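Geometric and topological summary
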Amino acid sequence: MRPFVYERPANVADALELHRDGALYLGGGTNLVDLMRLGVEEPTRLVDVSRLPYGEIEVRPDGTLVIGAAVRNSDLAADRTVRETHPMLAQAVLMGASGQIRNQATVGGNLLQRTRCSYFQDASKPCNKREPGTGCPAREGEHHNLAILGHSPECVATHPSDMAVALAALDASVRVRGRDGERTIPFEEFHRLPGGEPERDSNLRDGDLVTAVEVPPLAMPSRYRKVRERASFAFALVSVAAAVRTVGATVPDGEGGVVRDVRLALGGVAHKPWRCRRAEDVLRGAPADEETFLRAAEAELEAAEPLRDNAYKVPLARNLIVRTLLDLREAS
Amino acid sequence: MDSEARPVHADVTLTVNGSERRLRVDTRSSLLDVLRETLGLTGSKKGCDHGQCGACTVLLDGRRANACLALAVAHDGAEVVTVEGLAADGRLSAVQEAFVENDAFQCGYCTPGQLCSATAMLDEARAGWPSAVTADVSRDPFLDDAEIRERMSGNLCRCGAYVGIVAAVRDVAGETNRAARDPGAVAERIKEASRT
Ligand SMILES: Cc1cc2nc3c(=O)[nH]c(=O)nc-3n(C[C@H](O)[C@H](O)[C@H](O)COP(=O)(O)OP(=O)(O)OC[C@H]3O[C@@H](n4cnc5c(N)ncnc54)[C@H](O)[C@@H]3O)c2cc1C
Ligand code: SF4
Ligand code: FES
Ligand code: FES
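Description of the structure in this document. (Residues numbered from 1 in each chain as written. Chains lettered and ligands numbered in written order. Predicted model: local features only at pLDDT ≥ 70, side-chain atom pairs only at ≥ 80, totals over all residues. Heavy atoms only, no water.)

When you go through chain A residue by residue, the secondary structure sums to 11 helices and 12 strands. Computed over the C-alpha atoms, the radius of gyration of chain A is 20 Å, within 12% of the 20 Å expected from 2.2 N^0.38 for a compact globule of 332 residues. Along the three orthogonal principal directions, the C-alpha set of chain A runs to about 65 × 50 × 35 Å. Residues classed as buried in chain A amount to 58% of the 332 residues present. The long-range fraction of contacts in chain A, counting pairs at least 24 apart against all pairs at least 6 apart in sequence, stands at 64%. Summed over all atoms, the accessible surface of chain A reaches about 12800 Å², with 48% contributed by carbon and sulfur. (Helix = DSSP H or I, 4+ residues; strand = E, 2+ residues; numbered from the N terminus. Rg over C-alpha atoms; globule rule 2.2 N^0.38 Å. Buried < 20%, exposed > 50% of the residue type's maximum accessible area, 1.4 Å probe, protein only. Contact = heavy atoms within 4.5 Å. Areas by Shrake-Rupley, 256 points an atom, 1.4 Å probe, with all protein chains shown as cover.)

Listed below in structure tokens is the structure:
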């Protein structure tokens, strides 16, 4: 690991000032320290933002959650209000990593964790995301767990965060402090598709510090569901964050009712959490039955461009959407 | 790699198993390396060094954490408890006793991490934290075997001593579970939490 200077700024102004010339922010370090050990990241300075005053979860009178960037993943998942009002968010956090890692990991760091593509993590291999212009060996090589939607010839990596998938479905937004003040970025515009610049994971500008995530109230049953290669402690092959509200009678055989409102996002399928706008359009106002759910999932996945070894993700995502919507209908 | 770059050092103070230690560390040192190499506390093991196996688990400010991913310099002022600090006054802790009674280890390599993880995991459940297998996250959890397995999944055991580990944790969880089943006790706990 390359030597670096460690700084712990007392306030946000100092943090922004210190973040220059090869510096990186440090949250819990559970991703960054790992990548430094692998020689993938080589900061000259670490600016520790984990003790800045962004460690609280505020609940506004209207039910909006304002989650500080330094809140630990485990504290977010344990929060009574979050568990009652936004269960899919607590579930998504709990399905990520292990108890040990969640105790260290922060909300800001979770959003900005890097991809788990194995070529990206291996500093001896070419990779457009790590070293622009060197190529993408994953496209022809090991890609069974990589993207089926929105990828480019330059990069087929997926975003690994579970929490971010729930936040995408929840219409969250990200509060940022930059050198020229504060701004708020809608969640769907926070992460990027790779295009010709896969080295940029997000639309943050150099030096930008994430200070909080805002989550509007949710008046629907919700659920996060994740499929992985082992039962626990593994990244998602495909995951889904869903919330549905139906109105009208549900007859005993489970049919009936109309979808009044719905939120849907997929994880493990793209360079960013994938908000399923097309599926939502099919669902809203339509009968809350299995046929509609299937039609919605298929409408979304029409855009899929699977690679040689990850075509299985298309039916997996479809079935996961349908199953989760059926379960939620029972709860609604 | 970079021959120009020289090591950078920093002063840190850690309270380790109750005693204060002032140290000068390379900023690159993990808490695990400081514990093992500088302080000679070799109970915490280095398995993967990447957060994947849990062999290095310690209690960091009362919570379980992977010491391999923690930079020592970032934890200046922290309280650390390692497996060496779990026993008190010459007596094993309840979790340690239960591991012995349930044959919960073979080679013992993962055991220090398992013990620290189990100790903190029981506190997490006592505080009402849900897990990925808790059916209704808005409720307090009950530690059945599925809950114990999920909560201990950050600790891998190459010997496959899992059956004994789950049994040991289940033994110690008895009291926590009685509290979870007793609504009076839960109300009392919430009252207590709101006082502090
Ligand atoms: C073995 C293992 C398994 C895992 N499994 C999962 C999983 O299944 N699902 C999942 O979602 N995650 C998983 N993770 C990833 C884990 O959740 C992340 O490492 C963690 O959330 C990162 O948070 P952190 O605070 O430790 O970030 P750090 O490692 O400190 O930082 C990560 C990045 O964010 C930047 N950063 C940090 N804070 C800010 C801020 N406030 N503003 C701007 N930039 C910032 C850093 O500069 C760095 O680039 C796993 C990790 C490991 C090691
Ligand atoms: S998929 Fe992206 S991250 Fe993986 S090797 Fe290709 S360019 Fe690199
Ligand atoms: S050595 Fe720390 S988790 Fe494996
Ligand atoms: S007892 Fe040998 S690794 Fe667990």
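Our next topic: the site of ligand 1. Close to ligand 1 lie 34 residues, the nearest being Y25, T30, L32, T106 and D162 of chain A. Surrounding ligand 1 are residues belonging to chains A and B, so the site spans chains. G28 of chain A is positioned such that a nitrogen or oxygen atom in its backbone is 2.7 Å from an oxygen atom of ligand 1. Between an oxygen atom of ligand 1 and a main-chain N or O atom of A97 of chain A, the distance comes to 3.2 Å. At the level of secondary structure, the elements contributing two or more residues to the shell around ligand 1 comprise β2 (23-26), α7 (107-111) and β8 (209-215) of chain A. Looking at the shell around ligand 1 residue by residue, the classes come out as 14 nonpolar, 16 polar and four charged. (Near = heavy atom within 4 Å. Polar contact = N/O pair within 3.5 Å; in protein donor to acceptor, adjacent residues only side chain to side chain. Nonpolar A, V, L, I, M, F, W, Y, C, P; charged D, E, K, R; others polar.)

Right, let's talk about the interface of chain A and chain B for a bit. The interface of chain A with chain B comprises 40 residues on the first partner and 43 residues on the second. In total, chain A and chain B occlude about 3400 Å² of area from one another, counting both sides; carbon and sulfur atoms represent 53% of this. Interface area lost by chain A to chain B is led by R37, R83 and Q100 of chain A, which between them contribute 20%. The tally of links between chain A and chain B comes to four salt bridges. Where R80 of chain A meets D140 of chain B, a salt bridge forms, and the shortest distance between an N and an O atom there is 3.0 Å. Scanning the region where chain A abuts chain B turns up 21 residue pairs in polar contact (both at pLDDT 80 or more). Elements represented by at least two residues in the side of chain A that touches chain B include exactly β1 (5-7), α2 (32-37), β3 (45-48), α3 (73-78), α4 (80-85), α5 (87-94) and α6 (99-104) of chain A. (Buried area = accessible area lost by both parts, 1.4 Å probe. Salt bridge = Lys/Arg side-chain N within 4 Å of Asp/Glu carboxyl O.)

With that settled, consider the pairing of strand β2 (residues 19-26) of chain B. Residue and element names in this part refer to chain B. Strand direction decides the pairing type here: strand β1 (residues 9-16) and β2, joined by eight bridges, are antiparallel. Counted as the bridge partner of D11 is R24 from β2. Linking two consecutive strands that pair antiparallel, namely β1 and β2, is a turn of two residues; a positive phi of about 50° is found at N17 within it. (Pairing = 2+ DSSP bridges.)

In this section: the packing of helix α2 (residues 94-101) of chain B against helix α3 (residues 111-126) of chain B. Residues and elements named next belong to chain B. In contact at an axis separation of 9 Å, α2 and α3 are set at 125° when each is read in the N-to-C sense. It follows from the interaxial angle that α2 and α3 lie oblique. Handedness of the crossing formed by α2 with α3: right-handed. On the side of α2, the interface is formed by V95, Q96 and F99, while α3 contributes T111, Q114, L115, A118, T119 and L122. Classifying every residue of the contact of α2 with α3 by side-chain character gives five nonpolar, four polar and no charged. (Axes fitted to C-alpha atoms, helices over the stretch in contact; angles between N-to-C directions. Parallel < 35°, antiparallel > 145°, perpendicular 65-115°, else oblique. Left-handed = near helix turned anticlockwise from the far one by under 90°.)

Looking now at the packing of aromatic side chains. In this description, an aromatic ring pair is defined by two values, namely the gap between the centres and the angle between the planes. Under the counting rule described, the total for this entry stands at one aromatic pair over all chains. With a centroid separation of 6.3 Å and an interplanar angle of 20°, the aromatic rings of F187 of chain A and F190 of chain A are classed as stacked. Its relative accessible area of 3% is what places F187 of chain A among the buried residues. Over the ring of Y109 of chain B we find R158 of chain B, and its NZ or CZ is 5.0 Å from the ring centre. (Phe/Tyr/Trp six-rings, centres within 6.5 Å; stacked < 30°, edge-to-face > 60°. Lys NZ or Arg CZ within 6 Å of the ring centre and 35° of its normal.)

Turning to the environment of R151 of chain B, a few remarks are in order. Residue and element names in this part refer to chain B. Of note, R151 is situated in helix α4 (residues 145-151). Residue R151 is classed as buried on the basis of its relative accessible area of 5%. For the pair formed by R151 and G108, sequence separation is 43 residues and the distance between their alpha carbons is 20 Å. When residues no more than four places from it in sequence are discounted, the contact partners of R151 are R64, M121, A125, W129, P130, S131, T134, P141 and L143. One polar contact links R151 to E147, side chain to side chain, over a distance of 2.9 Å.

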